[in-house]
Structures are given as C-alpha cells and as structure tokens.
Amino acid sequence: AQSVTQPDIHITVSEGASLELRCNYSYGATPYLFWYVQSPGQGLQLLLKYFSGDTLVQGIKGFEAEFKRSQSSFNLRKPSVHWSDAAEYFCAVAGEGGGGNKLTFGTGTQLKVEL
Amino acid sequence: EAGVAQSPRYKIIEKRQSVAFWCNPISGHATLYWYQQILGQGPKLLIQFQNNGVVDDSQLPKDRFSAERLKGVDSTLKIQPAKLEDSAVYLCASSLEILLSRFFGPGTRLTVL
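The following paragraphs examine the structure supplied in this document. It should be emphasised that the depicted structure is a prediction, and the values quoted were computed from it without experimental measurement. (Residues numbered from 1 in each chain as written. Chains lettered and ligands numbered in written order. Predicted model: local features only at pLDDT ≥ 70, side-chain atom pairs only at ≥ 80, totals over all residues. Heavy atoms only, no water.)

### Concerning the environment of B:Pro43
Alright, step 1. By the secondary structure assignment, B:Pro43 is in the loop between strand 4 (31-37) and strand 5 (44-50).
Alright, step 2. The sequence separation of B:Pro43 and B:Tyr90 amounts to 47 residues, and the corresponding C-alpha distance is 8.6 Å.
Alright, step 3. The contact partners of B:Pro43, leaving out residues within four places of it in the chain, are A:Leu44, A:Phe90, A:Phe105, B:Tyr35, B:Gln36, B:Gln37 and B:Leu91. (Helix = DSSP H or I, 4+ residues; strand = E, 2+ residues; numbered from the N terminus. Contact = heavy atoms within 4.5 Å.)

If you want it as structure tokens, here you go:
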C-alpha cells in the first residue's frame with residue numbers, strides 16, 4: 001500500500017532563511033506526488049505536483065520540489081521564507097486503487113516563521 | 001472561478017446525534033471527494049464520486065456514515081449517530097476528472113461532545 005512519511009512535525013525558521021521540508025513516499029511504481037499548504041481555517045491549496053518529466057518542479061509562491069527516485073523523496077524547498085508562509089504543509093502520493101490515483105497524505109509539517 | 005463551497009463551517013453536537021454536511025463543487029467538476037482530517041493527521045479519503053456514482057468508499061464507516069451526490073453536482077455527507085471520535089474537519093474536494101488536481105473547500109469543523 002502507498003504511504004507518505006513527513007519526519008518533521010514542527011519546523012521553525014527565521015524570515016528570509018531557506019526552507020526544506022522532507023517527504024518520503026512508499027509506492028511500487030512511478031508515483032504522482034503533491035505538496036499542499038493549509039492555513040488555519042482554510043482548505044488545502046495545491047503548491048505543486050510531479051507527474052513525470054523534469055524531476056525539479058516549480059510551484060506557486062516561490063516553492064519548488066525535487067523528485068529523487070533513488071531516495072523515494074520529494075522534498076519541498078524555498079530559498080527565502082516569508083512570514084506569510086507560516087502554515088501546515090502536507091505531502092501526498094497518488095497511485096492505483098479506487099478508480100485510480102487514490103491520494104494518500106502524510107501527517108503534515110507545521111511551519112513557524114520567526115520575524 | 002468560484003471555489004468549492006461547504007456548509008456549515010462549524011458544528012457542535014452531542015454524541016449519538018445526527019449531522020449532515022453539504023458540498024457544492026466547482027462547476028463542471030465530475031469528481032467529488034470527502035475527506036476526514038483528524039487533528040494532527042493528514043486528510044483521509046472517506047468517499048469518492050465520479051458524477052453521481054461511487055468510485056471508492058472503502059474507508060467510509062458505513063454503519064454510521066452515508067453520502068450521496070444526486071444529479072452529479074452537490075453532495076451531502078451524513079453521520080448518524082455521531083461518536084466522540086468523529087470530531088474532525090470534513091473536507092470536500094473536486095476535480096475535473098479522477099486523474100487531475102483536486103481543489104479543496106474550507107472544510108466543516110465538527111465537534112462531538
């Protein structure tokens with residue numbers, strides 16, 4: 001069965017510092033991978049996705065992620081964090097089952113930004 | 001483009017009571033999903049519709065949860081009777097087709113006392 005691990009429950013960074021959120025997945029074939037962000041009281045917003053092709057994908061709000069098959073990872077990065085980036089971030093993998101592309105989420109990483 | 005709409009935004013009930021949530025997906029989106037997000041966890045799929053047919057309800061506790069999507073547009077999710085462990089945020093999402101990106105609504109936060 002597919003699964004996602006986000007090893008860091010909480011991360012604190014200073015505004016302007018770089019950010020990397022870790023994500024490891026388990027899936028037998030080539031996965032579809034996603035990063036979502038959830039602000040308090042809001043639904044999930046898609047930041048970026050990987051389906052195939054270039055392993056470095058660019059998303060909204062200056063985020064990027066790199067798919068590394070050998071490490072089963074899809075880490076999210078941002079070169080300079082803004083205070084408004086404080087939120088919870090979810091990595092997700094989609095695979096077969098239930099009509100195709102059943103989306104499985106990790107447990108999330110809560111990002112705090114210090115001013 | 002209007003997003004996914006959900007109501008109510010908040011609901012507090014006592015255990016053994018019934019509750020219903022409503023979702024209006026983005027216009028034209030054939031696929032609709034209901035997720036349950038318990039505090040400290042990622043969302044878990046409860047049920048997935050393609051138009052008005054159920055594609056996946058393998059994780060729906062069918063003894064107490066039910067969902068329908070009449071006419072392939074709006075959907076309702078019902079819990080009857082509610083248990084304490086049902087306290088969670090219930091998220092509705094939609095996509096044009098199964099393989100495409102999901103757009104999420106703001107969610108309904110349910111508290112069962």
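On we go from here.
### Notes on the pattern of salt bridges
Residue and element names in this part refer to chain A.
Alright, step 1. What the rule picks out here adds up to six salt bridges over all chains.
Alright, step 2. Among the salt bridges present, the one from Arg22 reaches Asp8, with a minimum N-O distance of 2.9 Å. Of this pair, Arg22 sits in the loop between strand 3 (19-21) and strand 4 (24-26) while Asp8 sits in the loop between strand 1 (3-5) and strand 2 (10-14), and the two are 14 residues apart along the sequence.
Alright, step 3. Note that Arg77 and Glu66 form a salt bridge whose closest N and O atoms lie 3.3 Å from each other. Separated by 11 residues along the polypeptide, Arg77 in strand 9 (residues 73-78) and Glu66 in strand 8 (residues 64-68) bring together distant segments of the chain.
Alright, step 4. Connected via shared salt-bridge partners are Glu64, Glu66 and Arg77. (Salt bridge = Lys/Arg side-chain N within 4 Å of Asp/Glu carboxyl O.)

### Here's the deal with the state of the cysteines
All names here are of chain A.
Alright, step 1. If you walk through the whole model with that rule in mind, you get two disulfides over all chains.
Alright, step 2. Disulfide pairing is shown between Cys23 and Cys91; the S-S distance is 2.0 Å. The chirality of the disulfide connecting Cys23 with Cys91 is left-handed, given an S-S dihedral of about -65°. Taken together, the residues Cys23 in the loop between strand 3 and strand 4 and Cys91 in strand 10 (residues 87-95) connect sequence positions 68 residues apart. Grouping residues by exposure puts Cys23 and Cys91 together as buried. (Disulfide = S-S within 2.5 Å. Buried < 20%, exposed > 50% of the residue type's maximum accessible area, 1.4 Å probe, protein only.)

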